[in-house]
Each structure stands twice: as structure tokens, then as C-alpha cells.
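# Residue-level structure breakdown
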Amino acid sequence: MSKDRIYLSPPHMGGRELDFVKEAFASNFIAPVGPQLSRFEREFAELTGFAHCLAVSGGTAALHLGLRLLGVGPGDVVVASTLTFIGSVSPATFLGADLHFVDCDRATWNMDPALLAEAVDSIRASGRRVGAVVPTDLYGQCANYDALRAVCEPRGIPLLIDAAESVGASYKGRHAGRGGDAAVYSFNGNKIITTSGGGMLASDDEAFIREARRLSQQARDDAPHYQHSTIGYNYRMSNVVAAIGLGQLPLLDSFVKRRREIFSWYVEAFADIPTISFMPEADYGRANRWLTVMLLDKNASATPEEVRLALEAENIESRPVWKPMHLQPVFEGVPVTGGAVAEDLFNRGLCLPSGSGMSEDDLERVSAVVRDMVR
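What comes next is a walk through the structure. (Residues numbered from 1 in each chain as written. Predicted model: local features only at pLDDT ≥ 70, side-chain atom pairs only at ≥ 80, totals over all residues. Heavy atoms only, no water.)

## Thoughts on the overall build of the chain
- Secondary structure assignment for the chain yields twelve helices and 15 strands.
- Over its C-alpha trace the chain gives a radius of gyration of 21 Å, about what one expects of a compact globule, namely 21 Å for 375 residues.
- Within the chain, buried positions represent 56% of all 375 residues.
- Counting only contacts in the chain whose residues sit at least 6 apart along the sequence, the fraction spanning at least 24 positions is 72%.
- Put simply, the chain shows about 15300 Å² of open surface, and 52% of that area lies on carbon and sulfur atoms.
- Side chains of the chain give 36 positive and 46 negative charges; the mean places of these two sets differ by 3 Å. (Helix = DSSP H or I, 4+ residues; strand = E, 2+ residues; numbered from the N terminus. Rg over C-alpha atoms; globule rule 2.2 N^0.38 Å. Buried < 20%, exposed > 50% of the residue type's maximum accessible area, 1.4 Å probe, protein only. Contact = heavy atoms within 4.5 Å. Areas by Shrake-Rupley, 256 points an atom, 1.4 Å probe, with all protein chains shown as cover. Lys, Arg positive; Asp, Glu negative; His and termini not counted. Charge placed at Lys NZ, Arg CZ, Asp CG, Glu CD.)

## A short note on the pattern of salt bridges
- One pass over the full model with this rule turns up 26 salt bridges.
- Across the pair Glu-314 and Lys-3 runs a salt bridge whose closest N-O atoms are separated by 3.2 Å. Here Glu-314, found in the loop between helix H10 (304-313) and strand S13 (319-320), pairs with Lys-3, found in the segment before helix H1 (17-27); they are 311 residues apart in sequence, far enough to count as distant.
- When its relative accessible area of 45% is taken as the criterion, Lys-3 is described as partly exposed.
- Measuring nitrogen to oxygen at the nearest pair gives 3.0 Å for the salt bridge that ties Arg-5 to Glu-312. In this pair, Arg-5 is assigned in the segment before H1 and Glu-312 in helix H10, connecting sequence segments 307 residues apart.
- For Arg-5, a relative accessible area of 28% puts it in the partly exposed group.
- Among the charged side chains, a network of salt bridges with common partners joins Arg-106, Asp-297, Asp-344 and Arg-348. (Salt bridge = Lys/Arg side-chain N within 4 Å of Asp/Glu carboxyl O.)

## Side note on the side chain of His-175
- Counting through the fold element by element, His-175 comes out in strand S7 (residues 174-175).
- A polar contact of 3.0 Å, which involves the side chain of His-175, links it to the backbone nitrogen of Gly-168.
- Contact partners of His-175, with chain neighbours within four places excluded, come to Leu-47, Thr-48, Ser-166, Val-167, Gly-168, Ala-169, Ser-170 and Tyr-185. (Polar contact = N/O pair within 3.5 Å; in protein donor to acceptor, adjacent residues only side chain to side chain.)

## Topic: empty space enclosed by the protein
- On inspection of all chains with the given rule, the structure shows one cavity of 30 Å³ or more.
- By volume, the largest cavity amounts to about 30 Å³.
- Along the walls of the largest cavity sit Gln-141, Cys-142, Ser-170, Glu-281, Ala-282, Tyr-284, Gly-285, Arg-286 and Ala-287, which together make up its complete lining.
- Here the residues of the lining of the largest cavity are counted per class, giving four nonpolar, three polar and two charged. (1 Å grid on protein atoms, 1.4 Å probe; cavity = no way out; pocket = protein on both sides within 12 Å on 5 of 7 lines; lining within 4 Å. Points joined across faces, edges and corners; volume = space filled by probe spheres on them. Nonpolar A, V, L, I, M, F, W, Y, C, P; charged D, E, K, R; others polar.)

## Quick notes on helix H7 (residues 206-216)
- All of the buried residues in H7 are Phe-208, Ile-209, Ala-212, Leu-215 and Ser-216. Seen along its axis, H7 keeps its buried residues to an arc of 120°; they face one direction.
- Structurally, H7 contributes buried residues whose contacts are with strand S1 (52-56), helix H3 (59-69), strand S8 (182-186) and strand S9 (199-203).
- Among the residues of H7, the N-terminal cap falls to Asp-205, whose side-chain oxygen and the backbone nitrogen of Ala-207 are separated by 3.0 Å. (Arc of directions from axis to C-beta.)

Fair warning: the whole summary comes from geometry, so function is off the table for now.
Here's what the structure looks like:
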């Protein structure tokens, strides 16, 4: 009999989600408007500390709206983390902007502030305008917002934080994302809390979110008929999807706690194997450990790909670290400042199953395969 599959980061339902969905159906608010949607935005704003939140169809949509409202357009350069998911950087191309990637540092695996300063000064010296900087909170760990802001603010560059992976994490006592001009979050099915799909744009600027809300609903003018003075998008989150989010929000703390426990379990399980190490935690915050990321030394008895294939043979999902954006075929020729650190992490890293619903037996199954491969 084949063993049940262990997924990398599957949805984890707590039970109340269906109650909120039933409320949405009972009220007949099935379209992208309704009390569950409004409440989800309000409660997420309370969680993060932002004054205003807009729930949309995905984190990529939120980034697109955020960049547009920050004034990014054709000819601008958007500076972004190279070690990230493509959805963090592709919205810049929707607006006709060019990209410039920046490497991470080894201490946090997030955008290196010193390299950011080097990049933006080089871009500005060439006569180009830097429209925005978009650092990614990698695998649930916040970037060093204050250090990044110290680069951006004197130069008049907006800072849009991609906190898609870091819901529930903190930076200097503040919730992830609090430190930029705006922040973006994701509730994709593999995230620490999910709405099945969806995202959030957050800001303290009421006018910013009000205009984002208008653009997310096809930019309809204030008129009884359908009138449009600018191009908008069909980006609004469904009320039904938001209802799932309402059921997930109260579980966030317990999910973070469990993911951190899983990380600690792996660290202890492999403590006697010197060729295995893990993503460090920055001293300025608390990571949510969305995914536990293992690094293998170059002299380990197996490569990350060999371990991944061995896990897959046992019906266990794992995944390589994000392939840096400057190595992606679609971004061939896009400039990068640094890059060696991200490349090394990609070559040596493997994301282990980290779902908050994992059992002790699941962890033992994963551990046994890894130990067998990496002695």
C-alpha cells in the first residue's frame, strides 16, 4: 500500500471557515462585495497595524496596484530582490518599467541594504529614475526594513514591501510589512493562512487604498451609468473567499507556533550532521518559519536534488530554494547587483515539508529519508 503524500505546505483548515462561508451564502453576498469581505479587511488591518487594507485576487494583483499608485511607469526602474518568486517582480513589467535585481545577505537571506544603495546610486547616476524598491520577506523572515528605508527615503524612492510569505512574522515588534510606504500579503493555498487564493494591499494612506479599491473594480467613475476615465482591473477579492480568511485569522498564532516548532524539530533531528544547516533568524525580528529551508554543504554525501528525489520516491514533496530572478530565462540580460549569495543558496538549499498540520509521524518519515541520504 502506498504511503499518504506529505505536501510541502498544504492548507490547514480549523473548522470555522465553513461557518463563515455559510453566512456568506445565506446573505447572498457571493460577488466581490459583502460583509465578510469588509470584515476581513478590517480585521487584517487590526492584525498588521496598518490603517487601511484592500483585499484582492492575489498578491501579484496587490503589487501591480501598489506599484501603479506609487507612480511607476514606462522608463522607470524597479529594484527588487533576486531571491524571490516571480510574482514579486513581474508586476513591474505590466507597467512598462525595467527591473534591476539585488542580492541578499547571508545573515538574513533578504535584500542586502549595502548592495541596494550601490544599485540605486548606479541607476540614478545613469540618468534613470528608480520608481520603487520591492524587497521580499523571504520564507517568512522580514527584510531589514529600517536599513532599506534609510537608503530609499533620502533619495525619494518609495518602498513597497513584499510580505507575501511573512504573515504572522514580526520586525522590531511590528507586524511584517510595517516599515514601507505600503505592503503586500498573500493568502495563496500554500501560505501560512489561506483564502484558497487572494492577497492584500495595505497602507496608512487612506487616499492610496481608496484609489486602489476603485482601480481593482474596473475604475468605474462615480456615475449612475458605467463610465470610465482610466483603465482598471478585475482584481477584487470575492466575499466567499474572504469568509475563508475570517475563519483562518484566529488560527494564525497557533500556525506560526507550530511552524516554528517544526523548524526546531528539524534542527534537532539533524544536529549531529555537520553538513546540514538552516536558514538563520535575524536578530531584529521573529520569523514565521513558513517553510523550513535546509542547506547542504558542498561536501555533503548527497546533493539537494538527490535528497528531493529520494523524498519524492517516498511520496514526500520538497522543493528547491527559489531560483534567483537574474538566472531566469525570461529576465536574461536584466542587471543584478551581486548575485553570488542567492546563487549559492539556490544551489545548496532545499525546502522541507513544513505544513502546520504535520504530525510527529510525518516529521519522522521526512527525517528518515534525509538522514539516509545525508550521513
